[in-house]
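Inside the fold
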Amino acid sequence: MAIAIWQAVREWRPMRGSVGEPRGRGQGGIRWRRGVVKTPTGAAGLVMVTALLVLSVAGPVFWSGAARAMNTEAIMLGSSSAHPLGTDALGRDILARLLVATRLSALTAVGSVAVGALAGIALGSLPAMLGRRAARATAALIELLLAFPPLLLMIFLGLVTGGGTGGAVIAFAGAMAPSFARLTQTLTLSVTRSDYVASARMLGVSRPRLVVRHVLPNIAEPLLVNLSIAVGMAFMAISGLSFLGMGVRSPDYDWGQLLNEGLTRIYDTPAAALGPGVAIVFAGVAFQLLGEGAIGAQADRRPARPDDPAPILASKPSVAGGDRGSATVRAENLQVSFPAAEGVLTPVRGVNLTVAPGEILGIVGESGCGKTLTGLALTGLVPEPGVVRATRLEVLGQDPRGLSPRQARALLGRHTAMVFQNPGTAMNPVLRVGSQLAETAVVHHGMSRRAAGARAVDRLRAAAVPAPERRARQFPHQLSGGTQQRAVIAMGLMGEARLLIADEPTTALDVTVQRQVLALLRDVNSTTGASIVLVSHDIAVVAETCHRVVVMYAGLVVEDLPVDVLRSGPAHPYTRALLACALDMTGVRDRRLPTIPGRPPGPGERFPGCPFVSRCGHAGERCATEPPAMEELGRGHRVACWHPRTGAP
Amino acid sequence: MFAARRFARLVVLLSILVTASFGLMHLVPGDPVRAALGPEATAAQVAQRTSELGLDRPLPDQFLDYLSGLPAGDLGTSLVSGQRVGDIVVAGLPNTLTLAGLAFLVVVAVAVPVGLLAAIHTRGDRHRRGALAFTSGTGLLAVVPEFVLAAGLVATFAVGLRLVPVAGAGGPDSYVLPVLSLAAAPAAMLARIVRAEALRELGQDYVRTARAKRLPARLLYVRHVLPNALTSALTICGMLIPGLVMGTVLVEKVFAWPGLGSAITESVLQKDYPVAQAMVLLLGALVLTSNLVVDLVLARLDPRPALTEA
């Protein structure tokens, strides 16, 4: 019983927010009922509740004769076909009494919830109706009542009322009321803050009228869900009171009292106790399912599985990138797709790229172009339920998809590192910075805790973190944004990384710190010889830091070029447009800010030709119908465009 | 600062509790002494007992008496047996605390690993059937009231299989069924919550960072995910304690357990109000104090300042 009530209080929380758009009176109930039947749990609950309802009406009609018939020759009989649950001390059939007791159990449960909910809703809507001071006092009263456990309130009220059927009803109602008050208060508050209530108030609608006409209809749905669950709780709680002897008393009887009687003879006739027990659980489950079904009806639809993979696009494998044999990364036709409600999404549609040892490669593009997922796919970190496909994928000579966890730890754990954006959330909030760095060295390099801790401080120093000893002992939230980002980079420097993938490492930082962090990355590259993949939406950042740049658009690589070509004159209209935006921001201010009009195709869309065609100023007929392949323009410079540009941008 | 505010709150709540428990006997309709002594007692007997208990004195005096008795553990005298209420408490409290404490340990020891494992196996929409089985199984178990479960367990394991004693507090085996019936529903509930919290944490950025470090699964889940999932789950643990303490009232009745729960049930049935009011006071104080302890422990465990400010 205690848990039952406690749980009722708890279950209400997640539903507080589910206040819908404004609607008229009565519609909430209708929508709720339809939704419930759709979910299997809700349908099962509805069937069980209906059965209870029918039984509570019909039970006394059909079986009250058998329940009352005393038989001195059949006293305290065990289970038999005539008396499945046995007979009681007066020879009455216990099953018949159980069926008859459904009505009283249901009446007390529904009655006490009605009383408790009415009191609670009234109390909870008072703050919205009263003036500021009275509202505050009411809110404080609700807070105070909630501080006491419902069962304590229930026992207290049971004592004061002296028990009995009425006492039990009042006791449970009183235990429940504060929770209903809080629920109503929270829901009401969210509605009264909405625009339509504000406008009604401006029109001069009085506060009580506002609550009754506008607020209550809008919070009816979550209240109904909670009422359903509360009725289930009431069945169990009032049975519990009767079981203790504090509720329904002889000559009346409910399930709890029958359980109490049955328990005294659990040795010879366990069925006499189990029957009422099953009935109580049945009622509890019925209303719980109904309530959960109503919650489930609001949940999302099930998304489709990616069993229909997008076809691998025909495009030529990479020919640039220098020495093919020893490349740090080689990806051909890399695709990443996700299941979604509206079909399979493919944010990465076929990327070719190569990273040479010691090279800093920039991946640049607008947000949503697939650059981050490309970085994650290289290290086998695409989140579930994403699927990675490629005709060829090699990182440090191995395909990360085929590695066992142990091999992945040995290869990727030791030799690759990721630096994520949002350094504030990228570190574990409850672990100290130093120990988060040190664990890599302990796990992958077999260092002792002490040695790893010392290395962590050393690496923080290498990443130009001021006062590294002190920082190592602090928690992430105690560091500034720039220091957090340095610490995350230092994390990537713990091992002997040969490949560092940095995803927007400077986005959250101001310009000065941004420059320092980029200088740090270049420094790491020149001192350790590690290859770096720098993922950024900022072409200026990439141009400043990288040796070579890959431009992505709508999940495809549109241009792959050395950084000096990027400065002197890229060939793809999209690259040139990106550059124009960046130049304008750093240079001349009096011109209108050039943005690229239109938007790229979404990850679920298919397009027959060039993805950029709708935003391109140089598009011809062919661009809309035929996808351009990557063609070599110069040394290490390839572009996928039917009309490549030449000359300075 | 946080601790001081919480402590002040506790003091306010406790003083309300003390006043309410004192008021209990005076709120009862009719004469409590007459109700306790029964209809056969003469008017003189009732009057004598009333003056013995000091119930004929002015209300403020009685309240002051009540208050001054509390620090010394003087909770009054039973109307029925004439026993000092303090003695009843001393006899019953250890039994109740052992029961509730063991149940709490079982809840945490079972629910946390089960919830975490369930989260790991059903993350990212894997094993949809397993997730459904887990939520419906725990959901069902969570709504079974402890006294019904206790009756079922007694019928099966004590009466049917004769594995453990039917009732009473004795050897270790006598604890099995009471603790089990007390712990089952909260454990199911907590396991559900731990799973939900762990699933949420698994989607956080720091988990991606930890994955990128290629930590072994044990380190990833136990060192990184678990502490974060637990800080929110611990709040729920705190809410479990009142349920467990109060649940003993019902479970003790099923198992004829010699604890405070049995004392409260008997006192109510016999209208022994001094005992009943002491029990309300004691259980209430136990719950409120344990809530404070949980709040303070939580504030200590989570280094983030946001939690303590809330």
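Residues numbered from 1 in each chain as written. Chains lettered and ligands numbered in written order. Predicted model: local features only at pLDDT ≥ 70, side-chain atom pairs only at ≥ 80, totals over all residues. Heavy atoms only, no water.

- Chain A is annotated in an unreviewed UniProt entry as Oligopeptide/dipeptide ABC transporter ATP-binding protein from Nonomuraea endophytica.

1. Details of a nonpolar patch on the surface
Residue and element names in this part refer to chain A.
- On the surface, a nonpolar cluster with roughly 340 Å² of combined accessible area is contributed by V61, F62 and W63.
- Here V61 is to be found in helix α3 (residues 40-68).
- For V61, a relative accessible area of 60% translates into the label exposed. (Patch = residues over 30% accessible without salt bridge, like charges linked within 9 Å, V, L, I, M, F, W, Y side chains within 5 Å. Areas by Shrake-Rupley, 256 points an atom, 1.4 Å probe, with all protein chains shown as cover. Salt bridge = Lys/Arg side-chain N within 4 Å of Asp/Glu carboxyl O. Helix = DSSP H or I, 4+ residues; strand = E, 2+ residues; numbered from the N terminus. Buried < 20%, exposed > 50% of the residue type's maximum accessible area, 1.4 Å probe, protein only.)

2. Digging into the pattern of salt bridges
- By the definition in use, this model includes 20 salt bridges over all chains.
- E439 of chain A is the salt-bridge partner of K213 of chain B, the closest N and O atoms lying 2.8 Å from each other. With K213 of chain B in the loop between α9 (205-212) and α10 (217-255) and E439 of chain A in helix α15 (residues 433-445), this residue pair bridges two chains.
- Note on K213 of chain B: relative accessible area 7%, which makes it buried.
- The class of E439 of chain A is buried, set by a relative accessible area of 5%.
- As a salt-bridge pair, E439 of chain A and R223 of chain B come within 2.7 Å of each other at their nearest N and O atoms. Placement of E439 of chain A in helix α15 and of R223 of chain B in helix α10 is noted, with the two residues assigned to different chains. Each member of the pair, E439 of chain A as well as R223 of chain B, carries the same accessibility label: buried.
- Overlapping salt bridges bring together E359, R548, D560 and R638 of chain A as one network.

3. As for the pairing of strand β7 (residues 499-503) of chain A
All names here are of chain A.
- Among the 5 residues in β7, 5 count as buried, and that is most of the element.
- By the alternation rule, side chains of β7 split into L499, I501 and D503 and L500 and A502, which are all buried.
- Both strand β6 (residues 416-419) and β7 contribute to a ladder of 4 bridges, which runs parallel. Each residue of the ladder has a partner; that of V419, found in β7, is A502.
- In the sheet, β7 pairs with strand β8 (residues 531-536) via 5 bridges, with the strands oriented parallel. The residue of β8 that forms the bridge with L499 is S531.
- Handedness of the β7-helix α19 (residues 511-528)-β8 crossover: right-handed. (Pairing = 2+ DSSP bridges. Right-handed = clockwise from strand over helix to strand, strands pointing away.)

4. Re the confidence of the model for chain A
Residues and elements named next belong to chain A.
- Within chain A, residue pLDDT values average 79, and 87% of them lie at 70 or more.
- At the level of individual helices and strands, chain A shows its lowest average pLDDT in helix α1 (residues 2-11), which scores 39, and its highest in strand β3 (residues 360-364), which scores 93.
- Confidence drops under a pLDDT of 50 for residues 1-33, and excluding neighbours within four residues, the segment shows 89 contacts in the predicted structure.
- When the criterion is pLDDT under 50, residues 299-324 qualifies, and its contacts beyond four places in sequence or with other chains add up to 49 contacts. (pLDDT = per-residue confidence, 0-100. Contact = heavy atoms within 4.5 Å.)

5. A few points about the interface of chain A and chain B
- On the side of chain B, 76 residues touch chain A, which itself brings 72 residues to the contact.
- Approximately 6700 Å² of surface area, both sides summed, lies buried where chain A meets chain B, with 72% of it carried by carbon and sulfur atoms.
- Inspection of the region where chain A meets chain B yields 2 salt bridges.
- At the junction of chain A and chain B, the tally comes to 13 residue pairs in polar contact (both at pLDDT 80 or more).
- Element by element, the count of residues in the side of chain A that touches chain B is highest for helix α11 (residues 271-297) of chain A, at 7 residues.
- Looking at the side of chain A that touches chain B residue by residue, the class counts come to 43 nonpolar, 19 polar and 10 charged. (Buried area = accessible area lost by both parts, 1.4 Å probe. Polar contact = N/O pair within 3.5 Å; in protein donor to acceptor, adjacent residues only side chain to side chain. Nonpolar A, V, L, I, M, F, W, Y, C, P; charged D, E, K, R; others polar.)

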